[in-house]
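Chains, contacts and geometry: an overview
Here is what each chain is made of, one letter per residue.
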Amino acid sequence: MRVRFDGEEVEVQEGQTVAGVLLAKGIRSWRTTRGGGRPRGLFCGIGVCFDCLVKVNGVPDVRACQRVVAEGDDIRTQAGAELPS
Amino acid sequence: MRRIVVIGAGPAGMAAANAAALHGVEVVLIDAGAKLGGQYHRQDAVASGDRFAPSALSSDVSQAASAKLARRRFVLAPNVEHVANAAVWAIEPVDGGHRVHLRVGPADGLDRIGRAVEARALVLATGAYDRALPFPGWDLPGVFTAGAAQALAKGQGVAVGDRVVVSGTGPFLLPVAASLIGAGARIVEVAEANAAVTGWLSRPFKAQATGALAGWSKTGELARYAGMLARHRVPYRSRTAVIEAHGSECVESVTVARLDALWNPVPGSERRLEADAVAVGFGFTPQLELALAARCLVEDGFVVVDAAQGTSAPGVFAAGELTGIGGADLAASEGAVAGAAAAKYVGAAVEPPVRAMARVRSGRRFAAALNAAYPVRPGWQGWLRDDTIVCRCEEVTRASLYRAVDERDVGAVRALKLVSGAGLGLCQGRVCGQNVAELADVDPAGFAKRPIASPIRLSELAEEEPVESPIDAEESGRALGVEY
């Protein structure tokens with residue numbers, strides 16, 4: 001199964017979360033904060049903290065630790081507060 | 001209609017669902033995860049199959065056989081509907097019972113399906129999450145909660161770093177370190193802020209003789225983890241914590257320090273360790289929002305329950321970490337009691353589950369002793385500096401929190417949130433609430449009041465949901481008591 005992360009094709013397995021895919025590739029952060037523009041990635045890992053937000057198929061604010069990848073997902077880093085596209 | 005809803009499919013929720021189902025009650029078991037088990041039995045999401053799968057129990061086996069299987073807690077009874085990938089965002093009272101609102105589907109997606117399920121009794125088994133204490137640099141990528149390290153290692157087969165420092169307090173740090181090693185990480189150090197957990201391992205006989213400890217299986221489990229850490233030559237230091245993480249874009253190194261009895265860093269004891277990840281766990285915070293929405297009485301941060309796990313709200317039962325932090329065995333015992341009591345509440349003939357009730361009593365004694373040994377002590381506040389982030393979502397620093405408290409009359413959580421901004425972000429104070437309340441010296445209870453229990457999108461809120469199997473209000477008048 002394949003997804004795209006910021007345009008680049010990535011081979012993934014069924015059952016992997018977005019956070020699982022990105023951390024396995026050695027990617028530690030995938031969004032910046034609204035205020036300070038600081039990098040953030042996974043923190044609580046169980047859906048509580050909303051730090052690991054990522055854009056999936058044009059929809060921002062998706063928790064990477066909770067979202068299980070689906071074939072062809074278009075995953076993108078998120079900068080500050082983003083509106084759906 | 002004899003139906004109950006169980007929220008949370010960890011050890012407590014699964015035991016509750018099975019206990020109720022074995023008394024002939026229809027059960028809807030709702031959980032956020034894709035597979036059963038919750039955080040404790042976290043299953044490998046990439047592996048195929050589900051070791052708790054309902055399909056393992058065929059509906060044509062005898063009731064005695066299915067009871068035996070279900071008691072092993074590895075399978076669900078056939079009259080349990082497991083709703084996976086579901087976010088419960090509200091509970092509201094209806095005539096004779098409760099209505100539970102959920103969205104089912106890919107996490108935070110726009111294509112989730114809305115459902116509203118009614119039931120005369122609820123079992124809340126929503127569990128707990130790690131408490132992380134702030135320190136300079138804790139907002140850098142590479143700082144994780146211990147639960148995150150555990151979830152990624154067990155559920156995704158990924159180590160959160162190559163060189164990891166584990167910092168916090170309590171026996172949970174040991175299985176986290178063990179999971180990280182299993183996922184291929186090197187543990188640079190395990191820093192326990194209180195006295196060494198290994199002290200427990202040398203004392204079980206004495207403790208048993210005095211009746212203070214009943215957690216035999218738990219101490220055996222800890223001994224296995226301690227053995228694994230020893231084999232991998234992992235340094236384990238007591239009265240020590242990570243007090244700062246360093247790096248520009250992510251963690252590159254950390255400072256650990258010795259702590260005095262109140263957790264103030266001992267000057268001159270600082271050591272710099274090369275590490276690309278930190279896993280932090282200072283105990284657990286219960287997920288209280290649904291219990292509060294159901295109007296359950298909460299005292300000292302936990303849901304108050306009677307001997308049948310009944311809360312102060314009629315027809316609402318609670319089990320597991322919601323009622324006190326006690327681990328998986330106690331949670332499962334409480335779940336078994338809660339499920340039986342909920343079945344009785346909706347009219348099933350139920351004998352008091354005396355053995356499970358006895359396990360709950362002994363489990364609670366063990367949990368109380370453990371929690372007393374691993375408290376969070378106030379010296380952590382001294383790890384912070386003016387520019388240290390205290391609320392991660394809204395990027396509120398300690399200086400701006402103190403300024404808000406000093407300039408305005410902040411006596412309670414609501415005022416504190418409004419003037420400082422802390423706790424107003426997407427996590428709704430789940431991460432910062434307890435810490436911010438301690439820094440500002442207010443009662444933290446209000447942080448868990450969240451009318452929308454799980455963030456949903458406005459389009460989802462606006463959508464109409466069909467109500468499934470609504471309660472027959474006349475029939476519900478026949479609910480039986482749960483006095484044992």
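Below: a short report on this structure. (Residues numbered from 1 in each chain as written. Chains lettered and ligands numbered in written order. Predicted model: local features only at pLDDT ≥ 70, side-chain atom pairs only at ≥ 80, totals over all residues.)

**Examining helix α10 (residues 354-373) of chain B**
Residues and elements named next belong to chain B. With 20 residues, α10 extends 29 Å between its outermost C-alpha atoms, agreeing within 8% with the 28 Å of an ideal straight helix rising 1.5 Å per residue. Turning to α10, its buried residues are A356, V360, G363, F366 and A367. The buried residues of α10 all sit within an arc of 140° when viewed along its axis, so they share a single face. When the buried face of α10 is taken as reference, the exposed residues oriented beyond 90 degrees from it are V354, A358, R361 and A372. (Helix = DSSP H or I, 4+ residues; strand = E, 2+ residues; numbered from the N terminus. Expected span 1.5 Å × (residues − 1). Buried ≥ 20, exposed ≤ 12 C-beta atoms within 10 Å, placed from the backbone. Arc of directions from axis to C-beta.)

**As for the nonpolar core**
All names here are of chain B. Ranked by size, the top nonpolar core spans 181 residues in total, and within it I4 and V278 carry the most contacts. Considering every element that reaches this core, the biggest residue donor is helix α9 (residues 327-345), with 12 residues. Apart from residues lying up to four places away in sequence, I4 is in contact with A20, V25, V27, A119, A121, L122, V123, A342 and V346. (Core = buried A, V, L, I, M, F, W, Y, C linked by C-beta atoms within 7 Å. Contact = placed C-beta atoms within 7 Å.)

**Re the packing of helix α1 (residues 11-21) of chain B against α9(B)**
All names here are of chain B. At a minimum axis distance of 7 Å, the contact between α1 and α9 shows a crossing angle of 30°. Read as a crossing pair, α1 and α9 show a hand that is right-handed. Each of P11, A12, G13, M14, A15, A16, A17, N18, A19 and A20 in α1 lies in contact with α9, whose residues at this interface are A328, A331, A332, E334, G335, A336, A338, G339, A340, A342 and A343. Class assignment of the residues belonging to the contact of α1 with α9 gives a composition of 16 nonpolar, four polar and one charged. (Axes fitted to C-alpha atoms, helices over the stretch in contact; angles between N-to-C directions. Left-handed = near helix turned anticlockwise from the far one by under 90°. Nonpolar A, V, L, I, M, F, W, Y, C, P; charged D, E, K, R; others polar.)

**Some points on the interface of chain B and chain A**
Where interface size is quoted, it is often the accessible area lost as the parts come together. Tallying the contact residues gives 33 residues for chain B and 33 residues for chain A. When contributions to the side of chain B that touches chain A are tallied by element, the ones reaching two or more residues are β8 (128-130), β9 (143-145) and α3 (146-156) of chain B. Top element by residues in the side of chain B that touches chain A is α3(B). It accounts for five residues. Its residues assigned to classes, the side of chain B that touches chain A shows 20 nonpolar, six polar and seven charged.

**Brief notes about helix α13 (residues 433-440) of chain B**
Residue and element names in this part refer to chain B. Most of α13 is tucked away, with seven of its eight residues classed as buried. Listing the buried residues of α13 in full gives G433, Q434, N435, V436, A437, L439 and A440. Its buried side turned inward, α13 meets β17 (284-286), β21 (389-391), α11 (398-407) and α12 (413-420). Among the residues trailing α13, D441 stands out with phi positive, at a value near 60°.

**A few points about the sheet that holds strand β10 (residues 163-169) of chain B**
Residues and elements named next belong to chain B. Across the sheet, which stays open at both edges, the five strands sit in the order β9-β16-β10-β11-β12 with parallel pairing between neighbours. A single partner strand is all that each edge strand has here, and the edge strands are β9 and β12 (236-238). Going across the sheet, the axis of each strand differs from the next one's by a mean of 20°, ignoring polarity. In the sheet, strand β11 (residues 186-192) pairs with β12 via three bridges, with the strands oriented parallel. In the sheet register, V190 faces β12, and the bridge partner there is Y236. Across the sheet, helix α4 (residues 173-182) touches β10, β11 and β16 (277-282), and the angle it forms with β11 is around 175°. (Pairing = 2+ DSSP bridges.)

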